[in-house]
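Results of the structural survey
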Amino acid sequence: SQQGEEDPQALSIQEGENATMNCSYKTSINNLQWYRQNSGRGLVHLILIRSNEREKHSGRLRVTLDTSKKSSSLLITASRAADTASYFCATDLSGGYNKLIFGAGTRLAVHP
Amino acid sequence: GAVVSQHPSWVICKSGTSVKIECRSLDFQATTMFWYRQFPKQSLMLMATSNEGSKATYEQGVEKDKFLINHASLTLSTLTVTSAHPEDSSFYICSASGQSYEQYFGPGTRLTVT
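About the cut-offs
Residues numbered from 1 in each chain as written. Chains lettered and ligands numbered in written order. Predicted model: local features only at pLDDT ≥ 70, side-chain atom pairs only at ≥ 80, totals over all residues. Heavy atoms only, no water. Helix = DSSP H or I, 4+ residues; strand = E, 2+ residues; numbered from the N terminus. Rg over C-alpha atoms; globule rule 2.2 N^0.38 Å. Buried < 20%, exposed > 50% of the residue type's maximum accessible area, 1.4 Å probe, protein only. Contact = heavy atoms within 4.5 Å. Areas by Shrake-Rupley, 256 points an atom, 1.4 Å probe, with all protein chains shown as cover. Lys, Arg positive; Asp, Glu negative; His and termini not counted. Charge placed at Lys NZ, Arg CZ, Asp CG, Glu CD. Core = buried A, V, L, I, M, F, W, Y, C linked by side-chain atoms within 4.5 Å. pLDDT = per-residue confidence, 0-100. Salt bridge = Lys/Arg side-chain N within 4 Å of Asp/Glu carboxyl O. Pairing = 2+ DSSP bridges. Axes fitted to C-alpha atoms, helices over the stretch in contact; angles between N-to-C directions. Disulfide = S-S within 2.5 Å. Buried area = accessible area lost by both parts, 1.4 Å probe. Nonpolar A, V, L, I, M, F, W, Y, C, P; charged D, E, K, R; others polar.

What follows covers the overall build of chain A. Within chain A, the secondary structure is distributed over zero helices and 11 strands. Helices (α) and strands (β) of chain A occur, in sequence order from the N terminus, as β-β-β-β-β-β-β-β-β-β-β. What you see for chain A is a C-alpha radius of gyration of 13 Å, in line with the 13 Å of a compact globule of 112 residues. Dimensions of chain A, computed from C-alpha atoms along their principal axes, come out at roughly 45 × 30 × 20 Å. In chain A, which comprises 112 residues, the share counted as buried stands at 45%. Sequence-distant contacts in chain A: of pairs separated by 6 or more residues, those separated by 24 or more amount to 55%. Entry remark: accessible area of chain A is about 5400 Å², with carbon and sulfur atoms responsible for 44%. Both charge centroids of chain A, one from 13 positive and one from 10 negative side chains, sit 5 Å from each other.

Structure representation (structure tokens):
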């Protein structure tokens, strides 16, 4: 079963612009993670934010987490054509199960 | 970071045959391995969780007799798709976690059943 909804489903922007993707989930979590997937490839882990954290940065990535609204956002600043990929949020459910439940994903296209 | 490999990276098989996919943790001991399936332009769906030396736990709706999972060692898990049919064509991805509980993903195996 899928835990999360992501929006938008697809996003098309120009190089240099910022890209924002949102993720909502339904149940209590230990942490929320964001992954990138290039077409037909495996997953690349981008960032993990724990349930007691509100914001985290990594390079051009900024992730926020609002546990009261059960939502998270991923911001990619100054996007590049190489950022073109699908982006997924994944929630690690509380209770020690260590199961990741993935959202539907956002397909990002960055045009030169 | 930890490395997880999958073999083969792609496979084509005829309907009715069985296919085995291997998932290996190359530089750490994986106490738990996960198998996911991904259809084109869709998200990853967790199929099953396997702990070394134990029977796999399957997610609701996943046929355990069709998708056989073996996790006989701390570095190897296998997924066997039995009596494959065209609707089983998909991208299969494994992940592995050790004591840190962080999951490390393999590069995926693309299965095409003709």
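Before going further, it helps to spend a moment on the nonpolar core. Residues and elements named next belong to chain B. Of all hydrophobic cores here, the largest spans 24 residues; its most connected members are W35, F67, L79, Y92 and L111. Elements that contribute at least two residues to this core include exactly β2 (10-13), β3 (19-25), β4 (32-38), β5 (44-51), β7 (67-73), β8 (76-81), β9 (90-97) and β11 (109-113). What F67 contacts, discounting residues up to four positions off in sequence, is R37, M47, Y58, V62, L79, T80, V81, D88 and Y92.

Put simply, chain A has an average pLDDT of 91, and 93% of its residues get 70 or more. Within chain A, no element has a lower average pLDDT than strand β1 (residues 5-7) of chain A, which sits at 80, and none a higher one than strand β7 (residues 61-66) of chain A, at 98.

Okay, the pattern of salt bridges next. Residue and element names in this part refer to chain A. Counted by the stated rule, this structure contains six salt bridges over all chains. With a closest N to O distance of 3.1 Å, E55 and R62 form a salt bridge. We classify R62 as partly exposed; its relative accessible area is 31%.

A few words now on the sheet that holds β7 of chain B. Residue and element names in this part refer to chain B. Ordered by their spatial adjacency, four strands build an open sheet running β1-β3-β8-β7, and the pairing between neighbours is antiparallel. Two strands in the sheet have a free side with no partner beyond their single neighbour: β1 (4-7) and β7. If you compare each strand with its neighbour and ignore which way they point, the axes differ by 15° on average. By the bridge criterion, four bridges tie β1 to β3 in an arrangement that is antiparallel. Its bridge partner being in β3, Q6 is matched across the sheet by C23.

Further remarks concern the state of the cysteines. Summed over all chains, the structure comprises two disulfides over all chains. Here C23 of chain A pairs with C89 of chain A through a disulfide, and the sulfurs are 2.0 Å apart. Taking the sign of the torsion about the S-S bond as the criterion, the disulfide between C23 of chain A and C89 of chain A, at about 70°, is right-handed. You can see C23 of chain A sitting in strand β3 (residues 19-24) and its partner C89 of chain A sitting in strand β9 (residues 85-93), a full 66 residues away along the chain. In this pair, the class of C23 of chain A matches that of C89 of chain A, namely buried. Put simply, C23 of chain B and C94 of chain B are joined by a disulfide, and their sulfur atoms are 2.0 Å apart. When the S-S torsion is 80°, as for the bridge of C23 of chain B with C94 of chain B, the disulfide is right-handed. Taken together, the positions of C23 of chain B in strand β3 and C94 of chain B in strand β9 put the pair 71 residues apart, joining distant regions of the chain. Left without a disulfide partner, C13 of chain B is nearest to the cysteine sulfur of C94 of chain B, which lies 18 Å away.

Residue and element names in this part refer to chain A. A sheet is described by the order of its strands in space; here five strands give the open sequence β1-β3-β8-β7-β6, paired in antiparallel fashion. Looking at the sheet topology across the chains shown, the edges are occupied by β1 and β6 (55-58). Ignoring strand direction, the axes of neighbouring strands in this sheet form an average angle of 15°. Where β3 meets strand β8 (residues 71-76), six bridges bridge the pair, whose relative direction is antiparallel. Looking across to β8, one finds that S24 is bridged to S71.

For the rest of this paragraph, the subject is the interface of chain A and chain B. Of the residues lining the interface, 17 residues belong to chain A; the matching set on chain B comes to 21 residues. Both faces combined, the contact of chain A with chain B buries some 1500 Å², and carbon together with sulfur accounts for 54% of it. Counting the surface chain A buries against chain B, the share from its top three residues, L43, N98 and K99 of chain A, is 33%. Here chain A and chain B share one salt bridge between them. Salt-bridge contacts for E59 of chain B lead to K99 of chain A; the nearest nitrogen and oxygen are separated by 2.9 Å. Counting only elements with at least two residues in the side of chain A that touches chain B, the list comes to β4 (29-37), β5 (43-50) and β10 (100-102) of chain A. Per-class residue counts for the side of chain A that touches chain B are six nonpolar, eight polar and three charged.

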